[in-house]
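# Structure assessment
Listed below, chain by chain, are the residues.
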Amino acid sequence: MSVRTGITQASTHYDLLNTAEYAEAVWLAFANKGIPPAHAQYGTGSSPVIPDYILPSGTMEGNPAVNPDLYKFPDYQIFKANKEGTDWFKEMTRNGVVREYDISVRGGGQDASYAFSGNYLDEDGYFIHTNFKRYTFRLNSDAKVTDWLRFGETLQGIFINELGRFTDNAEDSPISYTYRTQPIVPVYDISGVNFAGSKASEMGNSENGVASLYRARNNNGKWTRALGSFYAELTPIKGLAIKSLMGYNYGQWNYRGFTIPNFEHSEPNRVNGHNVSTNNSLQWNFTNTAIYNFSVADDHKFNVLVGTEAIESKYEEANASRSQYFSEDPDYMWLNSGEINRENNGYGSEWSLFSLFGRLNYDYMGKYLAEATFRRDGSSRFSEANRYGNFPAFSLGWGVSEESFMAGTKSWLDYLKLRLGLGFSGNDKIGDYNSYSTYASDKYQAGYAIDGSNTSATSGFYPATLGNEDVTWETTRTIDGGMDALFLNSRLSLTLDVWRRDTKDMLYNPRIPNVLGRAAPPFINIGEMKNTGFDLDLGYKSEAMGGKLLYSAKLTLSHYKNEITKLSDDVNEFVPTGGLRQVNYSRFQVGTAFPEFYGYEVEGIFQTDAEAAAHPPYEDTDYNQAGHYKYKNQLTIDSDGDGVMDQADNIINSADMVYIGNPHPDLTGGLNLDIAYGGFDLNVFFYGSYGNDIINVVRRWIDYGQFNANLSKDALYKSWGSPYLDDNADATLPMLDQNDKSQIASSALVEDGSFLRLKNVRLGYTLPTPLLSRFQVQSVRLYAQVTNLFTLTKYSGLDPELNSSGEYMGLDQGAWPTPRQFMFGLTIGL
Amino acid sequence: MKKLSILFAALLVLVIINSCSDDFFDKKPLGSTSENVFYSAKGIDALLIGTYAIVKGSYLWDVSWGASIQNWTYGSAASDDAYKGSEITDQIPVNDIERWSVTPSNGYPADKWRLTLGHGVVRANKTLKVINATEAEGNITADQANSFRAEARFLRGLFYFEAWLVFGDYIPLFTEDTEDPAAVSNQNDPGAVLAFIIEDFKFAWENLPETQALVGKPTKYAAMGIAARAYMQELMYAEAKPLLENIILSGNYSLMPYFIDNFEIVTNNNDESIFEIQACVNDINESLNAEMGIGLNWPHGGDIGMCCGFHQPSQNLVNAYKVDPVSGLPLFTTFNNVDLANDQGITSDQPFVVATDPVDPRLDFTVGRRGIPYKDWGINRGSNWIRKQLDGGPYMPVAKPFFNKSQRYTLSTTTGWQTGINANNYRYLRYSHILLWRAEIAAFENDLITARNYVNQIRDRADNKVVMGKVLITTLPASVYPWGPGSTDADYMDGTTGPYVDWTQPAANYLIGLYDPFANKEEAMRAVQWEQRLEFATEGRRFFDLRRWDNLPAGMRVDMVQTLNDFAQGDLRVREFMRGAIFTERDKYMPVPEDQINLQPGVLVQNPDYL
C-alpha cells in the first residue's frame, strides 16, 4: 500500500521582452528597415508611446472612445494596455498537484496463487485547466487442477480520463501561446470577465493562452483498455509442457471537444460547436506451444519448443460534429442539440498474422550454449503470393570462465561469457491494405456543388490508394557480438553488446511524381538501411562499515549510427522532410541518416554593405546587406569533369544548401547511483545525450519576428544594429527586420542539443522493524523525491529532451518542457 | 489418467491445425472500392463529380493557396492590380511572387502543378479510361460515352489551360492512353500545348449541349469561350473570333443589369455567366467545398476580423479608376502620377476625408477603402480593418469574392478558421469577357465601330449602379459602430443612420463616360485594354493580359517590363515592400517545381530562363 503526492512545475520558460522593451524592439525594426515608424498602438513618433488602451487602438485615458459606458460584448470590447507586460507563461501555469495511491496483494497456497493490485493517479497539470486521472487494476491467478493440468489467467483494466488542452509541439500549443502573444495584451478586457486578445491592431494572430486553456477545460478524453489472457497447460509426460493461450486486448477511446467563440481573437471563430470521436480496437491472439526439456548423459541439456500463433486485430472509428448551440453549458452541448453542420465520418481496418515457430536450445555444462530458432510468419497485409516470410536465427555462447584453463583468474574474474548471434526478423508495417488500388467517396475530396446549391455538394469518387501486390516482408539481419562478465566477487559487472543491423527489402513508399496522381502510393520493397552500434552496461556494487553502508552504481551507454544505403533505383533521390511554415529543415538520401538537417551554411553576419555587395547575391534578391546573414557560396561546379566540385558559381541558391546537422545523438547514457545506510536510502539518476543537434523553430518567432509574436531578449539586445551593442561584431543575431531570408533553413538555427539531466533524486527512510511489530505492520517507508532537478545544456529551447521523431526528429516547435516534480511518498507493508 | 492427458493433447493439436484457413487472411479494405465498380453510367457520373471537385482550386492540405483557380498570386499579386497583402512574415513564398524573384523551390507554383496535373488531369484521364472500358463492355451507348467524354475532356482542357497560364509550354502532355505519364517530357514543340488544349475543348464543344440542367456543368459555349481565351493568350485572333461570335450569336447570354451582379451570392449562375466555379458552405466542416484557394483573403482587423488579410488591391489600381472630370474617361497616361488620396499611416480615429476626384463607379465595388460604406458591414474604418498597412497598403482584401454581413453564417462558413469562406461563385467565364475579347479582336482588325460598341456596352452597364451613402464623419474609431455612434446593423437596413451617412448621396464622386468614335486602332486597343483591367480587376487575370499584350505590334503593345517596373517605382509612395524589385522577361512564367524535376530526373527539364 503506498501513497505519494507532490507538486509539478514547468521547469523553464523563454526570457521574453516586456511591454516597453517590445515597443523599443518594434522601433528598432523600423530603423533597421529605414522606414519612419508607424504603429497602430505606439504612434508615429521618434520613440514609441505606450498607450493606455490598445482597443480602441493606441488610445489614452480620457478619450471618449474608452468610455466604459460604450462597452458592449462582443461588439465593443475595450482592452487596457498592460504597461508592465503580461507574463503569459506565468498566467497560464501553476503548481500542478500529483496524487497517487497503490494497493497490491499477493497470496495463494501450494496449488494456487493470486496477485492483484490497484492504482489511482490524479494529476493537475502545470498548465491551468488540465487534469489527468488514471485508474488501473490487475489480477493474475493460476491453479493446478491435477498433476498434469494447470489453468491460469491475467487481467488488467486501465481507465484514463483527461480534461483540458494537451496540444503539444505545435503552433497552437499552450506553450506556443506563451511566446506568441504580445506582452501589452492583458488577460481580460475592462469587464474583468471577458478575455482580451489579438483583436487589437497589430497584435499578431496568437490566441490568448489563458482563454484557450479555459475554453478547453471541458474537452474530455476517455480511454478504456482491458487486456488479459487465459491458458491451459498440460504436462502429459515429464519434461513436456503443452500450453494453449487465448489473449485479448481491447481499447476504447472517446473524446468530446468544444469550440467556444473567441471574439477577442484577430481571426475569431464566432460560432460555437461540439465534436465527438470514438474508436475501438480489439486484438486477440491464440498461441499454442509445446516445450520439451531433456538431457542426454546428464551434461547435454536440450530444450525444444514448437508453436503456432494467430493474431487478428480490428479497428473502428466514428466521428461527428455539429455547430451552433443555444447554450454553451457542456451538459447541453451534445450532438443532438447542435443546430447546423451535422457531420459524421467513420473508418475501419483489419489485419491478421499467423506464425509457426520453433526453437532448439543446447547447453553443455554452462560452457557451450547454442540456440537456433525459426519463424514462419504470414501477414494479411501482403498479397497471397507474397504472404509468408521465413526468419531463422542462431546464437552461440561460450562460458569462458567455466573452462579449466581459466582457473587462474578466479581470484578476480567470477564469470565471463562470450556471445555471438545472427538473426533475421521481419516487418510488415505498411498499412493494412497495401496491395489494393481503391477509390473512395468523400464529400470534400470528391465533392462539388454541381447543381449550384449554396449549401450542399454532391459526392463523387476519387482515386484513394494505389496498390502493389508484389510487396513482401522487409527483413533485418542482426549480427550481435557480446560479453557478460562479473569481476571482483561479482561487485563489478559488465555487459557489452556490439551490433549491426542491415535492413533489406526495406518497406518504403517513395514519393511519386505528381503526374502519377495523388492517390496514396503503395509501399514497395526498395530501400536498404544500416544501423551499427553498441550498448554497454557497467555496474559496481559494494558495502562498507561492516555492511551498514550499501552502495551501487550503474552506468549504461548506447551508441548507434543510422545510415540509408539505398532509397530507390535513383541513387541521387532525396526526400525533403521536416516542413514547417513553408521551410523544409531536413532531408534524407543515400549516405545520410534518417533524417539530417539541410540548409545554408552561415559564414557570419555582413558587417558592412561593401562586404555584402562583394558576396554573390542570394537568388534574385537584394538580401545581401549589412546586418544580414552571409550564406556560404559552396563549390557547386565541376570545372575539370573529375567528379569533384571545385568551383563556386556567382549566386547563392538551393545548389548551395548542404547537410548542416544531425539530430541523432552520438551517445546516450544513464547513471544510476544507490546508497543505503541504516534505514536511509538515496537514489540518484542522471540521463544524458551527446552529439545530437536541434533546430529550435521557436526562435523563428521570438528571435526573427515571424508574425507579431513576442520577442526574445536577444532580439532586442544582441541583434546586429542594436543600440545596446558596443560593437556589431558581437551580434548573435542578424538585424531585427523580420526579413524572411534570414529565417530560411541554415546553420544559424542549428544548435547543439547535448544535455545532462538529473532526472531523479529520491531519499527514503524505512522505519526499524521492532518499532512496527507492535502495530502488526511489516514495513513502513517514507520518501521524498525530486525529478528533473537540473539540466546542463547549451540548448536555447525549453527542453532538449524532445518528443519529436521520424521526419520531424530534432525540430522543436514549442514542446511542453519536462516538468519538475517534488514528491513525498509513504509505503506500508502489512 | 495419462490416457486422458494424451487425449487432451491430441485435441489441442487438432485445434491448432484448424486455426488457420485462407479466410483468416482475407482482409479487404473497408469503406472503399475498386475501379470496375464504376463501369456504368452511374459510376462514370460519380467519377466525373470527383473530377469537378478539383476545379474548386485547392485541396487542403495536400494543396493549399498556391493553386487557387482565381490565380490571386500569379495573376493578380504579381501584377500591378494587387499586393500579397497581410504582413511580410506570413505566406513568405508569395513575397517572392509579388517581388518577381521566384525560385524553383517555391511552394506556391508547386501547388498549382500538383492540383492541375496531379489531381485534375489524372482524375480526368482515369475517368476517360473508365468511360472507354464501360463503352467497350457495352454498358453505355456511344452517344452516352461521347457526352461523358465531352465533360471529362472539358475538365482536362481546363486543368491544362490553368497549368499553361502559369508555367507556359513547360508542362508534360499525357492522356488516358499514355502508358507511363512519368516518362513524358515537358519539352514541347512550339504550339503543341495550345493545340492539345484546343483539341480537348473542340471535342467538348462538339459534344456538349447548349444548356445544362445542372448549372455546374459546362455547355458547348463554355468550351468555346475557354478555347477562345486560350487563343487570345497567343493573340490568335482569327481562331478566337468565330468562337466568340458563336457565343454572342447564340443569344443565350446577356449582361446583367449591374456590374456587382457578377460578385454577389444571390446572383450566382446568372444570365451573364458562362462557366462558374460552384461554391457551397456549411455542408461539411470548415466549408471546404467553397474555394479554399482564396481562404486567406478576407478582412483581418477589428470588428470585421476574419482570416487573414491577404490580396489587397494596389494603389496603382485605385489610381486607374480616376477619370477625366469632363469626359469621364480613364486618365490613360497620367493616372499614376499622383495617388488618389489614401489613408496609409492614418489611424482610424484620426480624420481622413474621402477624395473628391471623379472616379469610375466600379472602384468601390472592387476596392474597400476608408470612409466608404463597405457592403453592409459598416463604414470602412481604414487602419483598424487592415492587418498591417505598412506591408499590405491601405485597402481591404479584394472585395469581389466577399459577402454581405446579412449573409454571415447562412452563406458563409460557421466552422473552421478561414472564416471568410462563403458561397460566392467565381465567374470563371462570363459574357463580359466574351464581349471585351471580341472588342479586342475588332480593335486589332481596325473594326473600330464594333470595338467601341462592346466597350461602351460595358461602360454603360457600369453606370447603372453606384455605391450609395455619403459618409459625413471623418474619424472612425472603434466606438463608431457600424454606421455611426450608437448605430446598429438595423440602421443600415432601413437607411436611417442619422447624421453619419447621407443615404441620398453616392459615397464618392462617381463619373463614367462613353467613348466617342475611335480615331484609329491604337486608340481603340488602348480603350479595350483599359476596360478589361477596370472590369476584371483583381480577378487573377491582369498579369496574363499584360503578358499577351506585350506581344502586340508597336502602337498597340503594352510594354510589360516597363509597366510593372513603373508600378513598383510608383508604389514606393505607399509602401516600401517593392523597393529593389525588378521585373524581367524571365518572370513572365513560373519555374517548373524543382521537387518534380528531382522526382522525374532526365524527364522534366527546367524552363531555361530559370537555369
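Everything numeric in this text was worked out from a predicted model, so none of it was measured.

You can see N342(B) is positioned in the loop between helix 11 (315-320) and helix 12 (363-366). Filtering out sequence-adjacent residues up to four positions away, N342(B) remains in contact with Q315(B), F352(B), P394(B), Y395(B) and V574(B).

All names here are of chain A. Two strands pair when backbone bridges link them, and strand 1 (residues 2-10) and strand 4 (residues 96-108) are joined in this way by seven bridges, in the antiparallel orientation. Directly across from V3, in strand 4, lies its bridge partner Y101. Examined bridge by bridge, strand 4 and strand 5 (residues 112-124) share 12 bridges and lie antiparallel to one another. Looking at the pairing, V97 lines up with D124 of strand 5. The hairpin formed by strand 4 and strand 5 contains three residues between the paired strands.

Another aspect to go through is the packing of helix 3 (residues 41-52) of chain B against helix 7 (residues 142-167) of chain B. Helix packing for two helices is described by the angle between their axes and how far apart those axes are. Residue and element names in this part refer to chain B. Relative orientation of the contacting elements helix 3 and helix 7 amounts to 10 degrees, with a least axis distance of 11 Å. Looking at the two axes, helix 3 sits roughly parallel to helix 7. The two elements helix 3 and helix 7 cross, and the hand of that crossing is left-handed. Packed against helix 3, whose contacting residues are A41, I44, D45, L48, T51 and Y52, the element helix 7 presents Q144, F148, E151, A152, L155 and F159 at the interface. Taken together, the residues of the contact of helix 3 with helix 7 break down into eight nonpolar, two polar and two charged.

All names here are of chain B. If you check helix 17 (residues 521-536), its first and last C-alpha atoms are 22 Å apart, about what 16 residues at 1.5 Å a residue would give, namely 22 Å. Most of helix 17 sits out of view: 12 of its 16 residues are buried. Turning to helix 17, its buried residues are A524, M525, A527, V528, Q529, W530, E531, Q532, R533, L534, E535 and F536. Capping the start of helix 17 is the job of one residue whose side-chain oxygen sits 3.2 Å from the backbone nitrogen of E522: N520. Note on helix 17: the residue one or two positions beyond its end, T538, has a positive phi of about 65 degrees.

With that out of the way, let us pick up the state of the cysteines. Residue and element names in this part refer to chain B. The final tally for this structure, using the stated rule, is one disulfide over all chains. With its sulfur 1.4 Å from that of its partner, C307 forms a disulfide with C308. Looking at C307, the relative accessible area reads 0%, which means it is buried. The cysteine C280 is free of any disulfide, with C307 supplying the nearest cysteine sulfur at 20 Å.

Across the boundary between the two partners, chain A contributes 111 residues, which contact 117 residues of chain B. The largest share of the area that chain A buries against chain B comes from Y439(A), Y444(A) and Y448(A), three residues that together contribute 10% of it. In this structure, the salt-bridge partner of E267(A) is R387(B), at a minimum N-O distance of 3.8 Å. Along the contact surface separating chain A from chain B lie 31 residue pairs in polar contact (both at pLDDT 80 or more). Of all the elements, strand 12 (residues 340-364) of chain A adds the most residues to the side of chain A that touches chain B, at 10 residues. A breakdown of the residues in the side of chain A that touches chain B according to their chemical character gives 44 nonpolar, 42 polar and 25 charged.

Looking now at helix 7 of chain B. Residues and elements named next belong to chain B. Its 26 residues place the ends of helix 7 36 Å apart at the C-alpha level, agreeing with the 38 Å of an ideal helix rising 1.5 Å per residue. Buried residues dominate helix 7, accounting for 21 of its 26 residues. After helix 7 finishes, the residue G168 shows a positive phi value of roughly 70 degrees.

Working definition: the strands of a sheet are paired by backbone hydrogen bonds and lie parallel or antiparallel to each other. Residues and elements named next belong to chain A. Taken in spatial order, the three strands line up as 33-32-36 in an open sheet, and their pairing is mixed. At either margin of the open sheet sits one strand with a lone partner, and together these are strand 33 (750-752) and strand 36 (811-812). As judged from the three bridges shared by strand 32 (residues 693-696) and strand 33, these two strands associate in the antiparallel manner. Across the sheet, I695 pairs through a bridge with V750, a residue of strand 33.

Reading guide: rules and limits
- Residues numbered from 1 in each chain as written.
- Chains lettered and ligands numbered in written order.
- Predicted model: local features only at pLDDT ≥ 70, side-chain atom pairs only at ≥ 80, totals over all residues.
- Heavy atoms only, no water.
- Helix = DSSP H or I, 4+ residues; strand = E, 2+ residues; numbered from the N terminus.
- Contact = heavy atoms within 4.5 Å.
- Pairing = 2+ DSSP bridges.
- Axes fitted to C-alpha atoms, helices over the stretch in contact; angles between N-to-C directions.
- Parallel < 35°, antiparallel > 145°, perpendicular 65-115°, else oblique.
- Left-handed = near helix turned anticlockwise from the far one by under 90°.
- Nonpolar A, V, L, I, M, F, W, Y, C, P; charged D, E, K, R; others polar.
- Expected span 1.5 Å × (residues − 1).
- Buried < 20%, exposed > 50% of the residue type's maximum accessible area, 1.4 Å probe, protein only.
- Polar contact = N/O pair within 3.5 Å; in protein donor to acceptor, adjacent residues only side chain to side chain.
- Disulfide = S-S within 2.5 Å.
- Buried area = accessible area lost by both parts, 1.4 Å probe.
- Salt bridge = Lys/Arg side-chain N within 4 Å of Asp/Glu carboxyl O.

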